[in-house]
Amino acid sequence: MDPTEVEFLAEKEIVKIIPNFSLDKIYLIGGDLGPFNPGLPVQVPVWLALNLKQRQKCRILPPQWMDVDKLEEVREMERKEDSFTPPPSPYYMELTKLLLNHASDNIPKADEIRTLVKDIWDTRIAKLRLSADSFISQQEAHAKLDNLTLMEINTTRSFLLGSLNCMFKLRSNMQPGTSTGKGPDY
Amino acid sequence: MPCERKPMRYGHSEGHTDVTFDDAGKFIVTCGSDGDVRIWESLDDDDPRSINVGEKAYSLALKKRKLVTAGSNNTVQIHTFPEGDPDGILTRFTTHATHVAFNHSGSRVAAGSSDFMVKVVEVADSSQQKTLRGHDAPVLSVTFDPKDEFLASASCDGSVVIWKIDEQTKVTSWPVLQKSNDVSTAKSLCRLGWQPKTAKLLAVPVGLKVHLYERDSWEHVSTLSDDMMTQPINVVAWSPCGQLLAAGSVGGFLTVWNAESKLCVERQKHEKGYTVCGLAWHPSGRQLAYTDTQGSLGLLDDLPTASSATKTPKAPAVKAANDYDDLFDEDDDRAMDEGLSDTHSPAKRPVAGGDDDDDDDLMPATGRVKNRSSFLDDENSLDTVSLALGQGKYGDDDDAGSTVAPPTGPSLPLRPAYEGPLPTLPQKPFQPGSTPAHLTHRFMTWNSVGVVRGYNDDQDNAVDVEFHDTAVHHAMHLTNALGHTLADLSQEAVLLACPATDELASKLQCLHFSSWDANKEWIVDLPAGEDVRALVLGQGWAAAATSARTLRLFTVGGVQKEIFSLPGHVVSMAAHGEQLLVVYHRGTGFDGDQALGVQLLQLGRRKRQVIHGEPLPLSCKAHLAWLGFTAEGTPCYVDSEGVVRMLNRSLGNTWTPVCNTRETCKGKSDHFWVVAVHENPQQLRCIPCKGSRYPPTLPRPAVAILPFKLPLCQTTTEKGQMEEQYWRSTLLQNHYSFLSSSGYEIDDEGQNQNQKEQQELLMKMFALSCKLEREFRCMELAELMTQSVVTLAVRYASRSRRMNLAQRLNELAMEKANQLQEEQEQEEEEVQEEEHHTPRSRYGQRESAGGHSSSRSHQAREEEPREEEEDESQETETLEADGESRKRLNPFARGAAASPEKPSPKPMSKEGRVNPFKVQGSGKSPSQSRVSNVLDSMTSVRRPAPLGGPSGKQSKGPVLKPLAPKPKTKMQSTLLQMATSKAANKKAQVNPEPAADRLKQPEVPPPDLPVEDSENQKPRTGFQLWLEENRKSILADSPDLQETDVIKAAMGSFRSLSAEDRLSWTERAKGQSGEAADLKKRKRVEEAGEGDESRVKADENIAKKKKSLDTTAKLSAFAFNKN
């Protein structure tokens, strides 16, 4: 799974937009959308919101959590706690990136939000690295981490699995090596 | 408690004077510009003793038998008292002293001089002087702190300074006074007063008010004022008890306040209106001596003492204060502050309201405007202010009366004593959906079309127009050179107006962007002296209400049209299509209420007035906050209490409250700012404003949607809920009949949906009442039902073994059926007559000729292969044929094709659009799944054929046919149905509201599905069964058909049956239940769509035919003939 796929999944999230056109309900496989009334907020998936935004057919209303005060609170919480705190949204990173890249004019204090989300992301990734480190150094067989988002898991998965595999190989070869003395082959 | 005002008497020659009492109160001592000090034993003393102290005496002070005077010879002298012997010179200045004062103990004298200095001198030893330097202009007055610690002085430089005497330093300084360059040119003498005994408060006359400053904190704690004070206050003096404060003004007003309650306890006017320049209390506190600039001496006797003064006026004041306190919001700091400091003085509140503005103009109107427009203002404070202003206004009247006829002693009323209703200040005109004009960034209007914003700051004076739907027009940015303050926006134009200025007349500017010529703008100047107060844009016209109480109509292109007078000043206007709604002041409201009147005019071809200036109901003490129409064209408005009311056209144009936005608010000071109301779907579109009444322009507020809720009783119970839903649905359905009566096409599907919902609710309520054994209530509910639902109710009742109820219901059903039949017969007669004159009679006649005429079947067969074409030509024909009553497209219908810019939507293509993803039956409300099977069947019955309702869509004929006919257009292609329901068909043709696009929907032939040949092969399919029964009629219709053609035709007809119909056939095919129904009955079934349902009806029909049968027999039919 690569980040684009995660982003694709994030595009299913619902945001509110204010359309500037009028359209009846549209019926899609994923569910019915609309009706679109000019000036009236309506909930649509992110992919549609971005599409409409790019065509200048709507204004995007930022999700509730995308607010400087709330994010500051989350950041402080994240820094204070040792474990992972619940993220503001399961797709917070992806949504921030998508919305701020395409609709920064509709989001008040976009720059501050970008910084805050980056801060939160960095804090969480640092925690993740730390726990991966202790996981490996203590040679645990399993560990449980709560409140991780898909994107976070995804960033660390390939590396962690790869290195664990590698270490497993090394160790499994070490063992016979110590018993049979063939270790130095590797 | 009025005091006695003694007549004035001559004291000194013309000029400045001063007055004081001696310590014992035995003598009145005055000085004047003749340089004499006179010692009066009483006011009646005809031979006062005179002591000459110099050329002029400016001020005097008396304590412990020592008389200190400030004279024109630049000295402060001491004389013994009462002997009047010179006792030396206390101090000298470089110019004359202006004011002298003793301290409490009499040990020191302070003197202020025109040489900017203040000196404090020990009386016993004049060499011990302290000089206080710091004023930049002549000193007006000085006063000692009774505790001898501080000294206060006022100066022409505009400041009042507190000095620490011992350190000779400034403690604090307030630049509150008006600056002047000399004592003689100063507006006010500004004699300060320090509260004796407690020494807590320092009274400073500032303009028309007296500011009270608190000792030590030196904060301005409160303000005393009186509406009757029209000119600056010259002197203040504390009563010896320290509770009352007297003030004398330039205009000759004398006012006594109670400093604690801040109530004015006494009010007198100088008999000639001369300026009061000296004021002194008798040590007993019962008398007040005063002198004027003409040298006269006066006395007020029998003044209320502090204790009595607090008692009498307190009762009403406390009561009022409580009232106001209740009104104030806890979280509104400003209101709270005002409440604390001012609530005890209703008479002076308007002044307090004006405090913030630093505005001496105390016209009630200005105060009101300021308060009304303050951005974070709370409505409650607004109300109290308006109330208080009303009181103020009353006071002014009172004042006017007293100046005309000099008051005679006790007859002068004390203002706080007035307890009657007080007039409310009329509310200012406003544009619906606008924020106050004083804001630099404001919404000039926000409506369903778009937003007009006004910017008026340093860089920019501009108007931004933005459309919700960019398809209407692109956004516009206009420079606001004319200073427009009013705006309205429609699909066609932007209308702006500015008030008149000194040079320029009030202008009306219209940007007619939908115009097809090159000139998209016009401006109209109003006649001089006339200001635009409110304006509105309708469809193709504009209206402006002016300050001359006229209403001017224009076309949107700028042609002047009708002009008429309004009965009062306009408050607001709204328009929708051809309707114009005007709200104006009907009169003066009392006790915070507004007296508004409303007019509703129809400005179409048939101009008429629908509502003739009836009073507009508002909540208690509320004013109008929003006025408009629903998207469907029903007038509605919102008052400041957040109650939304809507016109109920079916109840004699009454106003029904449909929603209270304040109930949905989280906080007390939160409001909803309504921008639009929709009836279908039921939406109240508004902007939530946290902690304010109006939304800010940035960040752009988002619209929220509130539901309607009628304030019926017990809406928590199931019964109440259903009642509320029923009546809400009924109320919000009124617009259908209005729209159709005014010639617009209506959304039939929506209407049917509504009616269905209502009938369902009735049925549910019926079932509920049945369960509760309330049979009488059941009957009442049944009265509201349509005939077909009553038959269901009969079934329900008979099933639940309520024979009595069933019998009564049955009678009711018969009655309704008869009624219906009569109506329809009448209609039909009319219709038949009409038909001969309309081009459409081609069909009508042919069909009324009845039978299966070969000509018709021939034509029908011809048409068959080109069904689609026929449909279309039918469509066009319908449009053309409608001749006299051509349907106008409803420009307010929602949806993609709703824009009036291009009013040619293709209903066919829109409705007929095949949606492969559309969930079947999505139109059904989820609640249906929960209702009993009786209701289920009702739903399915009504789906193919919506209930007729009052519009008389029921099919005619002697039999009970609760089902509406299929629309004619379809009949043409479905031969069979044509044959079976000719009468119905004809009815549909002449139906005044074809609106075929909606009704047609369920019947549009399924898109080119491959013919299921397998169906023919199977031994028993629903189709075969159906064909068997209908072959005869098909053949009868077209006898010369080949067998294959017959099948084809039949197939077409069968397919055009609704899904339910087909299903029932299929089911029957499976079950092969021995239906012994005859063909005629079967046809009815076909329409009814469900076997058992129609059987009940058939039974009923039979029962009806055999009227000789007794009721028990009929009932038994109900009870035991069920499936």
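Residues numbered from 1 in each chain as written. Chains lettered and ligands numbered in written order. Predicted model: local features only at pLDDT ≥ 70, side-chain atom pairs only at ≥ 80, totals over all residues. Heavy atoms only, no water.

Going by an unreviewed UniProt entry, chain B carries the name WD repeat and HMG-box DNA binding protein 1 and comes from Gadus morhua. Taken directly from UniProt, the Subcellular location (unreviewed entry) text for chain B runs: "Nucleus". (UniProt positions renumbered as here; feature names shortened; annotations may be inferred.)

As named in an unreviewed UniProt entry, chain A is DNA replication complex GINS protein PSF2, taken from Gadus morhua. Taken from UniProt, the Sequence similarities (unreviewed entry) comment for chain A reads in full: "Belongs to the GINS2/PSF2 family." Heading Function (unreviewed entry) of the UniProt record for chain A holds this comment: "Required for correct functioning of the GINS complex, a complex that plays an essential role in the initiation of DNA replication, and progression of DNA replication forks. GINS complex is a core component of CDC45-MCM-GINS (CMG) helicase, the molecular machine that unwinds template DNA during replication, and around which the replisome is built."

A.B. asks: Would you mind going over the overall build of chain A in detail, with residue names and values included?
C.D. replies: Regarding its fold elements, chain A presents six helices and five strands. Scanning chain A from its N terminus toward the C terminus, one meets helices and strands in the order α-β-β-β-β-α-β-α-α-α-α. The contacts of chain A with a sequence gap of at least 6 include a subset with a gap of at least 24, amounting to 68%. Roughly 11000 Å² of accessible area belongs to chain A as shown, and the carbon and sulfur atoms make up 54% of that amount. (Helix = DSSP H or I, 4+ residues; strand = E, 2+ residues; numbered from the N terminus. Contact = heavy atoms within 4.5 Å. Areas by Shrake-Rupley, 256 points an atom, 1.4 Å probe, with all protein chains shown as cover.)

A.B. asks: How would you sum up the UniProt feature "repeat: WD" (unreviewed entry) in chain B? Please name residues and give values.
C.D. replies: In the numbering used here, UniProt assigns the "repeat: WD" (unreviewed entry) feature to residues 9-41, 132-173 and 226-267 of chain B. The span residues 9-41 of chain B is 0% helix and 45% strand, and its two end C-alpha atoms sit 14 Å from each other.

A.B. asks: Describe the sheet that holds strand β15 (residues 139-144) of chain B, naming the residues involved and giving the relevant values.
C.D. replies: All names here are of chain B. Pairing is antiparallel across the open sheet formed by four strands, whose spatial order is β15-β16-β17-β18. Lying at the two open borders of the sheet, with one neighbouring strand each, are β15 and β18 (169-174). Direction aside, the axes of adjacent strands within the sheet are offset by 20° on average. (Pairing = 2+ DSSP bridges. Axes fitted to C-alpha atoms, helices over the stretch in contact; angles between N-to-C directions.)

A.B. asks: So what's going on with the sheet that holds strand β23 (residues 233-238) of chain B? Which residues, and what values?
C.D. replies: All names here are of chain B. Reading across the sheet, the four strands line up as β23-β24-β25-β26 and stay open at both edges, with antiparallel pairing between neighbours. The open sheet has two free edges, formed respectively by β23 and β26 (263-269), since each of these has just one partner strand. Averaged over all adjacent pairs, the angle separating strand axes in this sheet is 20°, with direction ignored. As paired strands, strand β25 (residues 253-258) and β26 are joined by six bridges and run antiparallel to one another. Opposite N258, over in β26, you have L263 as the bridge partner.

A.B. asks: Requested: an account of helix α2 (residues 46-54) of chain A, with residues and values cited.
C.D. replies: The complete set of buried residues in α2 of chain A reads V46, L48, A49, L50, L52 and K53 of chain A. In the segment just after α2 of chain A, Q56 of chain A is the residue with positive phi, at about 55°. (Buried < 20%, exposed > 50% of the residue type's maximum accessible area, 1.4 Å probe, protein only.)

A.B. asks: An account of the nonpolar core is requested, with residue identities and associated values reported.
C.D. replies: Counting 40 residues, the largest nonpolar core has I17, F36, I60 and I113 of chain A as its most contacted members. Mapped by element, the contributors of at least two residues to this core are α1 (3-10), β1 (14-19), β4 (42-45), α2, β5 (58-61), α3 (68-80), α4 (92-103) and α5 (110-137) of chain A. Examining the composition of this core, we find that eight residues originate from one element, α5 of chain A, more than from any other. Listed in part, the 27 residues of the second largest apolar core include V794, A806, L809 and L812 of chain B. (Core = buried A, V, L, I, M, F, W, Y, C linked by side-chain atoms within 4.5 Å.)

A.B. asks: Break down helix α7 (residues 718-731) of chain B for me, citing the residues and quoting the values.
C.D. replies: Residue pairs three or four apart in sequence face the same way in an α-helix, which turns once every 3.6 residues. All names here are of chain B. Taking 1.5 Å per residue as the helical rise, α7 with its 14 residues ought to reach 20 Å, and the 20 Å between its terminal C-alpha atoms agrees with that figure. Inspection of α7 places G720, M722, E724, Y726, R728, S729 and L731 among the buried residues, and these make up the whole buried set. At its buried positions, α7 is contacted by β48 (643-648), β49 (654-660), α8 (734-741), α9 (748-771) and α10 (775-784). (Expected span 1.5 Å × (residues − 1).)

A.B. asks: So what's going on with unusual backbone geometry? Which residues, and what values?
C.D. replies: Cis geometry is adopted by the peptide bond preceding P35 of chain A, which originates at G34 of chain A and carries an omega value of 0°. Looking along the chain, the bond that leaves N680 of chain B and enters P681 of chain B is cis, with omega of 0°. Within the secondary structure, P681 of chain B is located in the loop between β50 (671-678) and β51 (683-689). Despite not being glycine, D591 of chain B shows a phi value in the positive range, around 55°. The residue D591 of chain B is located in the loop between β43 (579-585) and β44 (596-602) in this model.

A.B. asks: Report on the packing of α9 of chain B against α10 of chain B, specifying residues and quantitative values.
C.D. replies: Residue and element names in this part refer to chain B. Between α9 and α10, the shortest axis-to-axis distance is 9 Å and the interhelical angle comes to 170°. The angle between the axes of α9 and α10 places the two elements in the roughly antiparallel class. Facing α9, whose interface residues are Q759, L762, M765, F766, S769 and C770, α10 presents R777, C778, L781 and L784. (Parallel < 35°, antiparallel > 145°, perpendicular 65-115°, else oblique.)

A.B. asks: So, a negative patch on the surface: which residues are in play, and what are the values?
C.D. replies: Residues and elements named next belong to chain A. On the surface, D67, D69, E72, E73, D111 and E112 cluster together into a patch of negative charge. Sorting the residues of the negative patch by element identifies α3 and α5 as the ones contributing at least two each. Counting residues per element, the negative patch draws most heavily on α3, at three residues. Positionally, D67 belongs in the loop between β5 and α3. (Patch = residues over 30% accessible without salt bridge, like charges linked within 9 Å, V, L, I, M, F, W, Y side chains within 5 Å. Salt bridge = Lys/Arg side-chain N within 4 Å of Asp/Glu carboxyl O. Lys, Arg positive; Asp, Glu negative; His and termini not counted. Charge placed at Lys NZ, Arg CZ, Asp CG, Glu CD.)

A.B. asks: Talk me through the packing of aromatic side chains; I want residue IDs and the actual numbers.
C.D. replies: What the rule picks out here adds up to 15 aromatic pairs over all chains. For the pair Y92 of chain A and W121 of chain A, a centre-to-centre distance of 6.5 Å together with 55° between the ring planes defines the contact as tilted. Highlighted residues: Y92 of chain A in helix α4 and W121 of chain A in helix α5, separated in sequence by 29 residues. Since its relative accessible area comes to 0%, Y92 of chain A is described here as buried. For W121 of chain A, a relative accessible area of 12% puts it in the buried group. Judged by centre distance (5.7 Å) and plane angle (35°), the ring pair of W522 of chain B and F554 of chain B falls under tilted. With W522 of chain B in strand β37 (residues 521-525) and F554 of chain B in strand β40 (residues 550-555), this residue pair connects regions lying 32 residues apart in the sequence. For F554 of chain B, a relative accessible area of 1% gives the class buried. Of the aromatic side chains, those joined through ring pairs into one cluster are F150, W174, W194, Y213 and W218 of chain B. Sitting over the ring of F93 of chain B, K119 of chain B keeps its end group 4.9 Å from the ring centre. (Phe/Tyr/Trp six-rings, centres within 6.5 Å; stacked < 30°, edge-to-face > 60°. Lys NZ or Arg CZ within 6 Å of the ring centre and 35° of its normal.)

A.B. asks: An account of the environment of L425 of chain B is requested, with residue identities and associated values reported.
C.D. replies: The topology assignment puts L425 of chain B in the loop between α5 (379-404) and β30 (441-446). Along the sequence, L425 of chain B and D593 of chain B sit 168 residues apart, while their C-alpha atoms lie 9.0 Å from each other.

A.B. asks: Give me the pairing of strand β35 (residues 494-498) of chain B: which residues, what numbers.
C.D. replies: Residues and elements named next belong to chain B. Summarising burial for β35: five of the five residues are buried, a large majority. Residue alternation in β35 divides its side chains into two sets, V494, L496 and C498 and L495 and A497, and both sets are buried. Sheet topology note: the β35/strand β36 (residues 507-511) ladder contains five bridges and is antiparallel. Across the sheet, residue V494 finds its bridge partner in β36, namely L511.

A.B. asks: Please set out the side chain of T550 of chain B residue by residue, giving values where relevant.
C.D. replies: Residues and elements named next belong to chain B. Along the polypeptide, T550 turns up in strand β40. A residue is classified by how much of its surface remains accessible, and T550, at 12% relative accessible area, is buried. Polar side-chain contacts of T550 include one of 2.7 Å to the side chain of T546. Apart from the residues within four sequence positions on either side, T550 is in contact with E530, A544, A545, I563, F564, S565 and L566. (Polar contact = N/O pair within 3.5 Å; in protein donor to acceptor, adjacent residues only side chain to side chain.)

A.B. asks: Go over the confidence of the model for chain B with me, naming the residues and quoting the values.
C.D. replies: Residue and element names in this part refer to chain B. Confidence in the prediction of chain B, expressed as mean pLDDT, is 73, and 67% of residues score 70 or more. Every residue in residues 838-887 scores below 50 in pLDDT, and together they form 66 contacts with partners more than four places removed in sequence or on other chains. Here residues 1073-1083 is modelled with pLDDT under 50, and outside its nearest four sequence neighbours on either side it reaches 12 contacts, counting other chains as well. In the model output, the complex is listed with pTM 0.52 alongside ipTM 0.81. (pLDDT = per-residue confidence, 0-100.)

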